[in-house]
Amino acid sequence: MSATAYRPTDVKEEEVHVKEPSYLEDGHSVKSWLLTGDHKRIGIMYLITISIFFFVGSLAAGLIRAQLVLPANSLLEAETYNKVFTAHGVVMIFFFLLVAIPAVFGNFVLPLAIGARDLAFPRLNLLSYYLYLLGGLLATTALLTGGIETGWTFYVPLSSMYSNGQVTMAIVGAFVAGFSSIATAVNFIATIHKMRAPGMTWGRLPLWVWSTYATSLVIILGTPVVAITLLLVVFERVFRLGIFSPELGGDPVLFQHLFWFYSHPAVYIMVLPAMGVISDIIATFSSRRIFGYEFIAFSSLLIAALGFLVWGHHMFISSQSMYQSVVFSLISFLVAVPSAIKIFNWTATLYKGHIRLQTPMVYALGFIGLFTLGGLTGLFLACLGTDVHLTNTYFVVAHFHYVMVGGSVMAFLGALHYWWPKMTGRMYPDNWGKVNALLVFVGFNLTFFPQFILGFLGMPRRYAYYYFAPQYQPLHILSTAGASVLAIAFAIPFFYLTRSLKYGAKASDNPWHATGLEWTVASPPPTHNFHETPVVTREQYEFGHLVPEVRAIEESDKARRDAEIAAEHAAEAASTEAK
Amino acid sequence: MSSHGSHLPGHIHVFPIWMYVKVFIALFVLMILTVAASYVDFTHIHPLGMTISPLVGSLINNVIAMTIAVLKATLVVLFFMHVKFSTRLTKIFAVSGFVWMSLMFLILLDYGTRAWEPVPSWEKFEGSALSRQKGEKAEETSVRPRQ
Amino acid sequence: MATLAHHDSDFVEHVHHQFEDIEQQNEAYLVGMWAFLVTEVMFFGAMFLVYSLYRWFYQADFYAAHHELSIPAGAINTTILLASSFTMVMAVHFAQLRNKLMVMLNLVATIGLATAFLLIKFLYEWPEKAKHFLVPGPGFDPQHLEGTSKRAWELFYSLYFAMTGLHALHIIIGILIIGALAFLWQKGAKSVTEDYIPTELVGLYWHFVDLVWIFLFPLFYLIPK
């Protein structure tokens with residue numbers, strides 16, 4: 001495939017746009033940004049804020065890796081180390097992963113993709129952002145003024161009774177961010193149900209909208225549970241209302257049940273939007289109708305539903321009933337199936353597709369590989385026998401980083417590079433993007449693959465020292481080396497992307513020749529998105545009118561499908577006549 | 001209660017006040033019933049000359065109380081919150097919240113099934129799941145509550 | 001691409017710009033409100049689960065502990081809340097008929113009843129508990145244990161204060177929201193006088209608060225032997 005950007009020669013795009021100011025030019029005052037109702041500006045504000053949080057979380061990660069280079073060192077004391085990995089988890093999960101793709105790209109692109117002028121509740125959207133910011137500030141303050149050593153999982157009774165850290169403030173921060181999440185989900189649900197343009201049926205939605213919808217359902221069903229659970233921990237600390245307290249006959253394992261009832265679906269909140277974005281990127285850069293649209297759409301809903309039935313697999317070694325553990329183990333195996341369906345469908349889409357290896361596609365291909373590995377290693381953990389050996393070791397750490405970083409973060413970067421031209425009206429240098437994507441891939445594997453081996457060999461997680469087993473050191477050194485590469489790879493896009501804002505080539509409406517209504521408006525879009533409500537007459541993933549190379553194949557595919565349907569009808573008609 | 005009220009422009013269904021009054025009276029009556037039922041001690045009723053064990057007696061009380069509560073809730077949801085007259089989507093949302101909440105109650109199954117495969121020596125520990133299920137009351141221990 | 005003739009929002013003040021017409025706006029608001037209520041169901045539902053678990057374990061102790069609660073106070077509060085639900089739905093009814101006076105009367109009545117509920121709770125029930133040393137914490141000292149476990153009693157009252165406290169917080173928020181709604185009606189703001197949906201949305205929230213109490217009352221006050 002050619003290394004240069006794809007430049008069509010014979011496809012003319014209709015550029016009949018009235019010269020409206022883009023959303024970026026529509027008001028330059030601070031007030032017009034801070035009090036905006038425009039979903040696009042709110043998306044940009046989210047982007048800037050989550051990037052800052054990602055940076056903070058990465059600093060903590062750097063400290064962790066620096067500590068673990070030596071089996072026993074005085075870089076960090078044990079309690080400080082505990083505070084550092086807690087900070088890493090809290091910031092990355094509550095303030096980056098849960099928020100990144102839905103709040104940045106969901107906010108920015110969703111109304112455009114369904115043909116609406118804005119989300120259903122713009123002021124609620126703005127409130128969402130400020131709640132998120134407030135929660136983040138509270139939690140960061142807690143982490144910087146004393147910190148918490150409980151782990152992001154806040155297990156009782158450490159968090160409720162014995163910890164001297166800033167548990168209350170950190171929990172309140174997470175609680176407030178939870179409300180932000182719920183408000184965004186409510187907004188998305190109302191928008192997707194009620195604000196689709198005429199002709200945009202459920203069957204014509206982009207697949208990432210299906211994923212966003214499933215994610216929003218998970219958010220409204222799960223987040224309140226963790227909210228009340230953490231609130232009860234705060235009640236225990238502040239009002240002495242001991243609900244989980246063993247001294248009162250309460251059960252600490254109940255905390256774990258309630259916590260993981262949300263936190264397992266939470267990982268699907270992190271991964272479903274990522275998978276949705278990948279669906280669209282793969283379709284666009286193969287110029288091919290996604291294979292098995294209904295299956296992928298339905299699998300998003302199935303993952304959301306099944307994801308609520310597996311929380312116990314985080315508790316296999318607690319005193320949980322053996323019989324329940326068996327049930328959870330079985331359902332955990334089942335929940336892998338819809339994810340696998342997606343992987344198979346993406347691969348089938350690539351087959352005989354008109355593949356262009358531009359930056360978003362490189363990230364998407366990396367996602368498929370890394371998510372597959374992460375998902376398969378999850379099966380080791382879902383199996384009761386092996387879990388006893390592997391749980392609370394670095395195997396678990398590697399598994400979830402493969403799906404969350406190799407999965408979600410790669411997808412986030414892919415989405416960023418995919419929608420960057422739309423959001424900013426500028427193209428970034430694609431070669432930089434592709435090379436950086438490869439660097440991320442290499443750095444990531446170097447960081448986390450050794451951790452699978454470490455875990456298998458028995459290295460426990462959340463341990464500041466491993467002087468009892470200095471033979472782990474080479475693997476830790478590899479991991480830290482990888483982390484350094486990964487850090488550079490995450491930093492580089494910041495530079496070429498911000499540089500593109502001033503020096504990048506101006507982007508056309510549809511630089512990737514993608515389907516999707518957002519690609520029919522100017523880059524960047526005007527404030528009100530569409531000056532006339534679009535009417536949708538085409539299926540979502542039809543590329544023939546955009547990419548002439550695939551026109552013939554698409555038409556023959558369509559003809560074949562139509563022939564099959566006609567044959568079915570004929571067969572039915574024949575059989576009813578025969579009766 | 002099924003008669004629809006007058007129509008206003010914009011397809012608003014206005015329901016007669018009498019419908020709401022009837023629902024309110026029903027709710028009030030159910031409340032009285034539930035308070036009254038709680039005073040009835042079912043262990044002393046002798047159907048067919050049998051006595052009921054205290055466990056079953058209190059179970060009957062619980063079932064009655066919860067049934068009445070569910071009935072009241074249903075009346076509020078259907079009539080005061082207009083779900084009976086809403087779109088299918090609204091009905092789905094209304095139901096799904098309660099369905100999902102029941103999913104959470106599966107947590108109780110964990111505690112219920114722990115005794116089926118007990119870990120030896122659990123029964124030695126005060127407050128462990130096993131000793132509770134044997135019907136012992138939680139007793140004072142030497143551990144002092146946090147002062 | 002076809003053009004739609006116009007947007008209602010170009011003509012009618014209270015339709016926001018992102019909506020085509022008032023019907024779409026109202027349907028979106030209702031979907032959004034119900035999605036929010038689903039979160040509230042899960043929120044309180046988790047607390048009900050915790051309660052159920054501990055009641056199952058400590059049935060006898062909870063039975064003994066609940067005697068200190070005043071059933072008359074609970075029953076009166078239940079009636080008050082049911083009545084407030086009635087006045088609230090009346091307010092919605094009159095909002096549909098655009099009868100400003102009756103709407104205001106019913107909203108004020110709802111607030112009044114809600115306040116009565118809170119007064120009974122905060123000026124009678126809770127102080128009574130404090131008087132009898134039933135507030136969890138270092139001063140917890142129940143007088144009528146009669147062989148049951150002090151730990152389980154403390155658990156019962158922890159749950160009692162946590163759940164009724166959260167419920168009361170929702171009532172306070174409800175009073176504020178209904179007050180804001182009444183203020184808008186008083187001003188004659190078109191967003192509430194021309195369209196009954198905002199009043200209906202507030203009503204949905206209020207009925208939910210009533211729903212929680214419908215379950216709280218029998219679970220705490222009417223524990224069988």
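Residues numbered from 1 in each chain as written. Chains lettered and ligands numbered in written order. Predicted model: local features only at pLDDT ≥ 70, side-chain atom pairs only at ≥ 80, totals over all residues. Heavy atoms only, no water.

A.B. asks: Hey, could you go over the overall build of chain C for me, with residue numbers and the actual values?
C.D. replies: Counting secondary structure elements, chain C contains seven helices and zero strands. Along chain C, helices and strands appear, N-terminal first, in the series α-α-α-α-α-α-α. Residue pairs in contact within chain C that sit at least 24 positions apart in sequence constitute 75% of those at least 6 positions apart. For chain C, the computed accessible surface area is about 7800 Å², with 66% contributed by carbon and sulfur atoms. Of the charged side chains in chain C, 11 are positive and 19 negative; the average position of the first set lies 12 Å away from that of the second. (Helix = DSSP H or I, 4+ residues; strand = E, 2+ residues; numbered from the N terminus. Contact = heavy atoms within 4.5 Å. Areas by Shrake-Rupley, 256 points an atom, 1.4 Å probe, with all protein chains shown as cover. Lys, Arg positive; Asp, Glu negative; His and termini not counted. Charge placed at Lys NZ, Arg CZ, Asp CG, Glu CD.)

A.B. asks: How would you explain the environment of Pro-450 of chain A if you had to name every residue and give the values?
C.D. replies: Note that Pro-450 of chain A resides in helix α15 (residues 430-457). In the structure, Pro-450 of chain A is positioned 28 residues away from Leu-478 of chain A in sequence and 7.0 Å away in space, judged by C-alpha atoms.

A.B. asks: How would you explain the interface of chain C and chain B if you had to name every residue and give the values?
C.D. replies: The partner chain B presents 56 residues to the 56 residues of chain C that form the contact. For the pair chain C and chain B, the summed buried area comes to about 5000 Å², and 78% of that belongs to carbon and sulfur atoms. Run the count over chain C and chain B and you get zero salt bridges. Our count for the chain C to chain B interface comes out at five residue pairs in polar contact (both at pLDDT 80 or more). Secondary-structure elements contributing two or more residues to the side of chain C that touches chain B are α1 (22-57), α2 (59-66), α3 (71-96), α5 (150-187) and α7 (197-221) of chain C. Sort the elements by how many residues they give to the side of chain C that touches chain B and α1 of chain C lands first, with 17 residues. Here the residues of the side of chain C that touches chain B are counted per class, giving 37 nonpolar, 11 polar and eight charged. (Buried area = accessible area lost by both parts, 1.4 Å probe. Salt bridge = Lys/Arg side-chain N within 4 Å of Asp/Glu carboxyl O. Polar contact = N/O pair within 3.5 Å; in protein donor to acceptor, adjacent residues only side chain to side chain. Nonpolar A, V, L, I, M, F, W, Y, C, P; charged D, E, K, R; others polar.)

A.B. asks: Give me the pattern of salt bridges: which residues, what numbers.
C.D. replies: All names here are of chain A. Counted by the stated rule, this structure contains 11 salt bridges over all chains. Of the charged contacts in the structure, one is a salt bridge between Arg-204 and Glu-539, with a shortest N-O distance of 3.3 Å. With a gap of 335 residues between them, Arg-204 in the loop between α7 (167-194) and α8 (207-239) and Glu-539 in the loop between β2 (505-506) and α17 (551-578) connect regions that are remote in the sequence. Residue classification places Arg-204 among the buried positions, given a relative accessible area of 17%. You can call Glu-539 partly exposed: its relative accessible area is 40%. Among the ionic contacts, a cluster of salt bridges with common partners joins Asp-557, Arg-560 and Glu-564. (Buried < 20%, exposed > 50% of the residue type's maximum accessible area, 1.4 Å probe, protein only.)

A.B. asks: Describe the confidence of the model for chain C, with residues and values.
C.D. replies: All names here are of chain C. Across chain C, pLDDT averages 90, with 94% of residues at or above 70. Counted against residues more than four places away or in other chains, residues 1-6, with its pLDDT under 50, gives eight contacts. Interface confidence in the predicted complex, given as ipTM, is 0.90; pTM for the same model is 0.90. (pLDDT = per-residue confidence, 0-100.)

A.B. asks: How would you explain the packing of aromatic side chains if you had to name every residue and give the values?
C.D. replies: All names here are of chain A. Overall, the coordinates contain 77 aromatic pairs over all chains when judged by the stated rule. Measuring from centroid to centroid gives 5.9 Å for Phe-94 and Trp-152, while their planes differ by 70 degrees, and the two rings are edge-to-face. Taken together, the positions of Phe-94 in helix α3 (residues 78-97) and Trp-152 in the loop between α5 (122-144) and α6 (158-162) put the pair 58 residues apart, joining distant regions of the chain. Each member of the pair, Phe-94 together with Trp-152, is buried. (Phe/Tyr/Trp six-rings, centres within 6.5 Å; stacked < 30°, edge-to-face > 60°.)

A.B. asks: Quick rundown of the nonpolar core? Include the residues and the values.
C.D. replies: In this structure, Leu-258, Trp-346 and Trp-419 of chain A, Met-81 of chain B together with Tyr-54, Tyr-157 and Phe-220 of chain C are the most contacted members of the largest nonpolar core, which totals 297 residues. Per element, the largest residue contribution to this core is 22 residues, and it comes from helix α9 (residues 252-286) of chain A. When near neighbours in sequence (up to four residues on either side) are disregarded, Trp-346 of chain A contacts Met-275, Ile-278, Ser-279, Ile-282, Ile-290, Ile-296, Phe-367 and Ile-368 of chain A. Ranked by size, the runner-up nonpolar core spans 16 residues in total, among them Ile-64, Val-84, Met-459 and Tyr-472 of chain A. (Core = buried A, V, L, I, M, F, W, Y, C linked by side-chain atoms within 4.5 Å.)

A.B. asks: Describe unusual backbone geometry, and please don't skip the residues or the numbers.
C.D. replies: All names here are of chain A. Across the junction of Val-156 and Pro-157, the peptide omega takes the value 0 degrees, indicating a cis bond. Relative to the assigned elements, Pro-157 resides in the loop between α5 and α6. Of note, the amide linkage connecting Ser-523 to Pro-524 takes the cis form, showing an omega dihedral of -10 degrees. Relative to the helices and strands, Pro-524 resides in the loop between β2 and α17. In this model, Ser-287 sits at a positive phi of 45 degrees, which is unusual for a non-glycine residue.

A.B. asks: Requested: an account of the packing of helix α1 (residues 17-39) of chain B against α3 of chain C, with residues and values cited.
C.D. replies: Contact geometry of α1 of chain B with α3 of chain C gives a least axis separation of 10 Å together with a crossing angle of 165 degrees. The angle between α1 of chain B and α3 of chain C falls in the class roughly antiparallel. Relative to α3 of chain C, the crossing made by α1 of chain B is right-handed. In this structure, α1 of chain B contributes Ile-17, Tyr-20, Val-21, Phe-24, Leu-27, Phe-28, Met-31, Val-35 and Tyr-39 of chain B to the contact, and α3 of chain C contributes Ile-71, Ala-75, Thr-78, Thr-79, Leu-82, Ala-83, Phe-86, Val-89, Met-90, His-93 and Phe-94 of chain C. Each residue belonging to the contact of α1 of chain B with α3 of chain C can be placed in one class, and the counts come to 17 nonpolar, three polar and no charged. (Axes fitted to C-alpha atoms, helices over the stretch in contact; angles between N-to-C directions. Parallel < 35°, antiparallel > 145°, perpendicular 65-115°, else oblique. Left-handed = near helix turned anticlockwise from the far one by under 90°.)

A.B. asks: Lay out a nonpolar patch on the surface in plain terms, naming residues and giving numbers.
C.D. replies: Judged by side-chain polarity, Ile-48, Ile-52, Phe-55, Val-56 and Leu-59 of chain A come together as a nonpolar surface patch covering roughly 480 Å² of accessible area. Structurally, Phe-55 of chain A is set in helix α2 (residues 39-67). (Patch = residues over 30% accessible without salt bridge, like charges linked within 9 Å, V, L, I, M, F, W, Y side chains within 5 Å.)

A.B. asks: Tell me what's going on with the environment of Gly-353 of chain A, and back it up with residues and numbers.
C.D. replies: Residues and elements named next belong to chain A. For Gly-353, the location among the structural elements is in the loop between α11 (322-350) and α12 (359-382). Note on Gly-353: relative accessible area 21%, which makes it partly exposed. Expressed as a C-alpha distance, the spacing of Gly-353 and Ile-282, which sit 71 residues apart in the sequence, is 9.5 Å.

A.B. asks: Describe the interface of chain C and chain A, listing the residues and the values that go with them.
C.D. replies: Residue-level contacts link 42 residues of chain C with 44 residues of chain A. Both faces combined, the contact of chain C with chain A buries some 3700 Å², and carbon together with sulfur accounts for 72% of it. Our count for the chain C to chain A interface comes out at one salt bridge. Across the pair Glu-27 of chain C and Lys-194 of chain A runs a salt bridge whose closest N-O atoms are separated by 2.9 Å. At the junction of chain C with chain A, the criterion picks out nine residue pairs in polar contact (both at pLDDT 80 or more). The set of elements that each furnish at least two residues to the side of chain C that touches chain A consists of α1 and α5 of chain C. Ranked by residues supplied to the side of chain C that touches chain A, first place goes to α1 of chain C with 18 residues. The residue makeup of the side of chain C that touches chain A, split by class, is 27 nonpolar, 11 polar and four charged.

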